[in-house]
Structure formats: structure tokens, C-alpha cells
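Descriptive structure summary
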Amino acid sequence: AQTVTQSQPEMSVQEAETVTLSCTYDTSENNYYLFWYKQPPSRQMILVIRQEAYKQQNATENRFSVNFQKAAKSFSLKISDSQLGDTAMYFCAFGPNTGNQFYFGTGTSLTVIP
Amino acid sequence: GAGVSQSPSNKVTEKGKDVELRCDPISGHTALYWYRQRLGQGLEFLIYFQGNSAPDKSGLPSDRFSAERTGESVSTLTIQRTQQEDSAVYLCASSLDNRPNYGYTFGSGTRLTVV
């Protein structure tokens, strides 16, 4: 069974500072994809960043980067230079190459403090 | 369309009534998914459609839940005899195909409140 765990229900960070959100997952698959989604109060889930499991290089998208540790099954999200607009729920998701669904964690509520 | 469109945005219904939720995926996206998001929880898979293949209904929580999709277009999720535990945000997502490469594009969801 695939599971995704986000152990930080809530976090806060000062504007312009850096914050790291944790995510671990469990799978027996070797090929898969990992994602971080942002859900602001508008409810729409927005893809922030994705990582292909067969790539060792950590993905980066502007201020967002990941630390992907395949052996440890860990996939953390680092947000640099935090902005007020980063305030949202963040969900980690696991997408296997087989099967018909993604598996989501329970989310981390991030608040950026001015 | 440019994005995934869901309607209604919010729905309040009385316990025991039937409700129908609509999802209009991105044009050309063959895969369509429904997820349920209860307050304070992650997303729970409900059902998956891929082209004209038989849907994967393995996530539907009870026989009160059903969904249809005509070809590669609009999908409707129907909940019969609603219960208070059905209160949640129902999210629809679509993707170009069933490979996980690029993730999903989500709609803004329907917030269902059963009173």
C-alpha cells in the first residue's frame, strides 16, 4: 500500500525567511513521481513542483526546491524568500507509474508572517 | 476550456436529498478524477475515468455514490440520500493521459454541506 505522511500540521515563517516542509512516503515501487501542491483559500490545488524518482537531481522552481532522498523515502519542500502569497495548505502527493490515483498527505498549513 | 471547471461552487442540501456535482475537464484531457477532501484531511480518491475504458470505482465509499462521464467530456458525481458525513469539498482533476508525469490540473471544487 502507498502512504504519504506529512508530520507538520501547521507551520509559520517570517516573510523573506526560508521554511522546509516535510514529507515521507511508503511504497514498494521503483518508478514514480512526487509532487507538492499548494491549496490557497480559493480551494484550487496548484502544482508547485514535481520530482521524477529516477532522477537524482533535486527539482527546483524559482523559490521552491525539494530535497529528495529516495532511499529514505523522503521528499521535503523548501521555500526560500517566503512571501505573503505563499500562505496556504501544502500537500505532498505520490503518483505511481501503475494504478489510477495519486496518494496525498494530510497537508501542512503554512502561514507567512509579515 | 482553459481550466477545470466545477459547479456548483457551494451546495447546501438537506439530509436525505440527492445532489449532483459537475466537472468540466480541460479539453483534450482523457483522464478525469474525483477526490473528496474532508475538513482537516488529505484527498481521498473516489473514481477515475480514462477515455472510453471502464472507470475505476474502487474509491467510492458506498453505493450512494455514483459518477458518469460521457466520452472525454463532462463528468457528474451523484450522491443519493445524502448524509452529514458526506459534507466535504469534492475536487475534480484532469490530466492529459493516465501517466503521472505532469500531475493533475484541479478545479476549485464543490463544497457540499449536508444539514
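Preceding block: the structure.
Here is what the cut-offs are and how they apply
- Residues numbered from 1 in each chain as written.
- Chains lettered and ligands numbered in written order.
- Predicted model: local features only at pLDDT ≥ 70, side-chain atom pairs only at ≥ 80, totals over all residues.
- Heavy atoms only, no water.
- Contact = heavy atoms within 4.5 Å.
- Buried area = accessible area lost by both parts, 1.4 Å probe.
- Salt bridge = Lys/Arg side-chain N within 4 Å of Asp/Glu carboxyl O.
- Polar contact = N/O pair within 3.5 Å; in protein donor to acceptor, adjacent residues only side chain to side chain.
- Helix = DSSP H or I, 4+ residues; strand = E, 2+ residues; numbered from the N terminus.
- Nonpolar A, V, L, I, M, F, W, Y, C, P; charged D, E, K, R; others polar.
- Buried < 20%, exposed > 50% of the residue type's maximum accessible area, 1.4 Å probe, protein only.

Moving on to the interface of chain B and chain A. It is common to give the size of an interface as the accessible area that goes away when the parts come together. Every contact between the two is made by 25 residues of chain B and, on the other side, 20 residues of chain A. Carbon and sulfur atoms make up 51% of the area that chain B and chain A hide from each other, which totals about 1,900 Å². The largest share of the area that chain B buries against chain A comes from Pro100, Tyr104 and Phe106 of chain B, three residues that together contribute 30% of it. At the junction of chain B and chain A, the tally comes to 0 salt bridges. Taken together, chain B and chain A are joined by 10 residue pairs in polar contact (both at pLDDT 80 or more). Counting only elements with at least two residues in the side of chain B that touches chain A, the list comes to β4 (31–37), β5 (43–50), β8 (88–95) and β10 (110–114) of chain B. For the side of chain B that touches chain A, the residue count by class is 11 nonpolar, 12 polar and 2 charged.

A few words on unusual backbone geometry. Residue Pro8 of chain B follows Ser7 of chain B across a cis peptide bond; omega there is -10 degrees. Inspection of the secondary structure puts Pro8 of chain B in the loop between β1 (5–7) and β2 (10–13). Although it is not a glycine, Lys73 of chain A sits at a positive phi angle of roughly 55 degrees. Tracing the sequence through the fold places Lys73 of chain A in the loop between β8 (64–69) and β9 (74–79). Assessed through its relative accessible area of 24%, Lys73 of chain A is described here as partly exposed. Not every positive phi belongs to a glycine, and Arg81 of chain B is a case in point at roughly 45 degrees. The residue Arg81 of chain B is located in the loop between β7 (75–79) and β8 in this model. Overall, the relative accessible area of 42% leaves Arg81 of chain B in the partly exposed class.

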